[in-house]
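Report on the structure
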Amino acid sequence: MSRHPGHELDTRARRLLRTLIAQYLIDGEPVGSRTLSRSSGLDVSPATIRNVMADLEEAGLVASPHTSAGRIPTPRGLRLFVDSLIELQPLAHDEMVRLQRELPPGPTTVRDLAGNASALLSAMTHFAGVVMVPRQTDFPLRHIDFVALPEARVLVILVFSDNQVQNRVIQLDKPLDARVLEQAANYINEHFAGLRVDDIRAHLLHELRQASSELHQLLAQTVELAAASFAPQDEDVLVSGQTNLMAYSELGNLERLRELFEAFQKKNELLQLMETCAKAPGVRLFIGEESGFAALDGCSVVTASYGAQGRLLGAVGVIGPTRMAYDRVIPVVQATARLLSDALNRAATAL
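As the structure is a prediction and not an experimental result, all values here were calculated from the model.

**Considerations on the overall build of the protein chain**
- Looking only at helices and strands, the protein chain has 12 helices and 10 strands in total.
- Taking 351 residues into account, the globule formula puts the C-alpha radius of gyration at 20 Å, and the protein chain, at 27 Å, lies well above it.
- Overall size of the protein chain, expressed as C-alpha extent along the three principal axes, is 90 × 40 × 35 Å.
- When burial is assessed residue by residue, the protein chain has 47% of its 351 residues classed as buried.
- In the protein chain, 61% of the contacts between residues at least 6 apart in sequence involve partners at least 24 apart.
- When the accessible surface of the protein chain is totalled, it reaches about 17,000 Å², and 49% of it is carbon and sulfur.
- Each charge sign in the protein chain was given a centre, from 34 positive and 41 negative side chains, and these centres are 5 Å apart.

The structure is reproduced here in structure tokens:
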């Protein structure tokens, strides 16, 4: 047998590795040769199985805990299992019905949808549910209003296509009277409603360069207001069910839990990871150290991206121990991302 993992494993080794990992994912205990002999369906002796296990251990796919004669899969072995040995099934009908019921398509904000999705992922997997909330400026603007405040400040009221309302207070170099603010808001609403703010800003700058003298002052003031009103804002990550992870012995070390909960609280590393996952369609899976973040070394992260109108906006996922039922968790994450995208597309169509 080859000393390298992957497609070079022979059929017998692949079957034994699949059987070992499946059993380990169920009970979390090292798996011995006798158990493999009974469960694999292969007509081979325990001695032969021990030889195959020694080869798999040399290939870095399984390991022998010092307290047991049995073996457990390594992160490398789990990666091979997920990539080529696992058989994914469609999400069960009752679970799909639950997702559809608890992620309603009716009018709501993206943040509310993301919060529902995060809580639902946690409830259905018993892990931590994670959803990246995109910048609000990724969504088309429905309406804008400006209200004059003292000391050259302006209250900006932004209404986006996902029904989210944002109030921002901006500081101008010099005050603008209510009439100018009304004209600027009317101009943006009349010409640019339905566009994302980055596009509105670009259109305004283009029109400013082309404007006649009588429009130039209004457009210049509108551009100043838009530049301050549409300042970029960071994405956010919503996490639900963190305390679920305390129930898993693999994560029971207090220092490990402290690092993990600190990462959930600070969100910086988690946001970086979810941003990476949101840049490509489909499912992403990180096992152990693959995430690149020390706090997640003992965890697996399963994510899927979501979007609307052909644009990727964020990602949903779960964080749990590496010993998770990947064949069930992956379809749950996939279906949640798909339903979230469907809800956002319906909202965009209704604009």
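**Overview of the pairing of strand 4 (residues 141-149)**
- Pairing of strand 4 with strand 5 (residues 153-160), which is carried by eight bridges, proceeds in the antiparallel orientation. Opposite V147, over in strand 5, you have L155 as the bridge partner.
- Counting the residues that bridge the hairpin from strand 4 to strand 5 gives three residues, and of these E151 lies at a positive phi of roughly 60 degrees.

**Some words on the packing of aromatic side chains**
- Inspection of every chain in the model, using the stated rule, returns three aromatic pairs.
- A ring pair is formed by F127 and Y248, whose centres lie 5.4 Å apart and whose planes are at 50 degrees; its orientation type is tilted. Of the two residues, F127 is situated in the loop between helix 6 (110-125) and strand 3 (128-133) and Y248 in the loop between strand 7 (236-240) and helix 10 (254-266); the sequence distance between them amounts to 121 residues.
- Given the relative accessible area of 5%, F127 is considered buried.

**Observations regarding the nonpolar core**
- Within the largest apolar cluster, 112 residues are counted, with the highest numbers of intra-cluster contacts made by L17, L56, I144, F146, L225, I319 and Y326.
- Once residues lying within four places of it in the same chain are set aside, the contact partners of I319 are F127, A128, V130, L245, F264, L270, L296, C299, S300 and V301.

**Remarks on the packing of helix 1 (residues 11-27) against helix 3 (residues 46-58)**
- Interhelical geometry of helix 1 versus helix 3 gives an angle of 85 degrees and a closest axis separation of 10 Å. Between helix 1 and helix 3, the crossing angle belongs to the class labelled roughly perpendicular. In contact with R12, A13, L16, L17 and L20 of helix 1, helix 3 contributes T48, I49, V52, M53 and L56.
- Looking at the contact of helix 1 with helix 3 residue by residue, the classes come out as eight nonpolar, one polar and one charged.

**A word on the side chain of R323**
- As for its position among the elements, R323 is in the loop between strand 10 (311-321) and helix 12 (326-349).
- The exposure class assigned to R323 is buried, which follows from its relative accessible area of 17%.

**Points about the pattern of salt bridges**
- In the structure shown here, the tally under the stated rule is 14 salt bridges.
- Among the salt bridges present, the one from D198 reaches R201, with a minimum N-O distance of 2.5 Å. Highlighted residues: D198 and R201, both in helix 8 (residues 197-210), separated by three residues, approximately one helical turn.
- Judged by its relative accessible area of 46%, D198 is partly exposed.

**Focus: a nonpolar patch on the surface**
- Taken together, V147, L149 and V169 make up a surface patch of nonpolar side chains, about 210 Å² in accessible area.
- On the secondary structure map, V147 appears in strand 4.

**Side note on the environment of G129**
- Of note, G129 is situated in strand 3.
- Judged by its relative accessible area of 0%, G129 is buried.
- Every residue in contact with G129, bar those within four places of it in the chain, is listed here: S118, L121, S122, L238, V239, S240 and G317.

**Some remarks on unusual backbone geometry**
- Phi at E151 is positive, roughly 60 degrees, even though this residue is not glycine.
- Secondary-structure assignment places E151 in the loop between strand 4 and strand 5.
- For E151, a relative accessible area of 67% translates into the label exposed.
- Of note, the phi angle at K267 is positive, near 75 degrees, even though the residue is not glycine.

**Notes on the sheet that holds strand 10**
- Spatially, 7-3-10-9-8 is the arrangement adopted by the five strands of the open sheet, whose pairing is antiparallel. The open sheet has two edge strands with one neighbour each: strand 7 and strand 8 (283-287). If you compare each strand with its neighbour and ignore which way they point, the axes differ by 20 degrees on average.
- Of the strand pairs in this sheet, strand 8 and strand 9 (residues 299-308) are connected by five bridges, and their pairing is antiparallel. Paired with L285 across the bridge in strand 9 is V302.
- Those strands touched by helix 11 (residues 268-278) are strand 3, strand 7, strand 8, strand 9 and strand 10, and its axis lies near 125 degrees from that of strand 10.

**Here we look at the pairing of strand 10**
- Taking burial as the measure, the 11 residues of strand 10 include nine buried ones, the bulk of the element.
- In the sheet, strand 3 pairs with strand 10 via four bridges, with the strands oriented antiparallel. Residue pairing across strands places V130 opposite G317, the latter belonging to strand 10.
- Pairing analysis gives 10 bridges linking strand 9 to strand 10, with the strands arranged antiparallel.

So, how was this worked out
Residues numbered from 1 in each chain as written. Predicted model: local features only at pLDDT ≥ 70, side-chain atom pairs only at ≥ 80, totals over all residues. Heavy atoms only, no water. Helix = DSSP H or I, 4+ residues; strand = E, 2+ residues; numbered from the N terminus. Rg over C-alpha atoms; globule rule 2.2 N^0.38 Å. Buried < 20%, exposed > 50% of the residue type's maximum accessible area, 1.4 Å probe, protein only. Contact = heavy atoms within 4.5 Å. Areas by Shrake-Rupley, 256 points an atom, 1.4 Å probe, with all protein chains shown as cover. Lys, Arg positive; Asp, Glu negative; His and termini not counted. Charge placed at Lys NZ, Arg CZ, Asp CG, Glu CD. Pairing = 2+ DSSP bridges. Phe/Tyr/Trp six-rings, centres within 6.5 Å; stacked < 30°, edge-to-face > 60°. Core = buried A, V, L, I, M, F, W, Y, C linked by side-chain atoms within 4.5 Å. Axes fitted to C-alpha atoms, helices over the stretch in contact; angles between N-to-C directions. Parallel < 35°, antiparallel > 145°, perpendicular 65-115°, else oblique. Nonpolar A, V, L, I, M, F, W, Y, C, P; charged D, E, K, R; others polar. Salt bridge = Lys/Arg side-chain N within 4 Å of Asp/Glu carboxyl O. Patch = residues over 30% accessible without salt bridge, like charges linked within 9 Å, V, L, I, M, F, W, Y side chains within 5 Å.

Shape is all these values report; function is a separate question.
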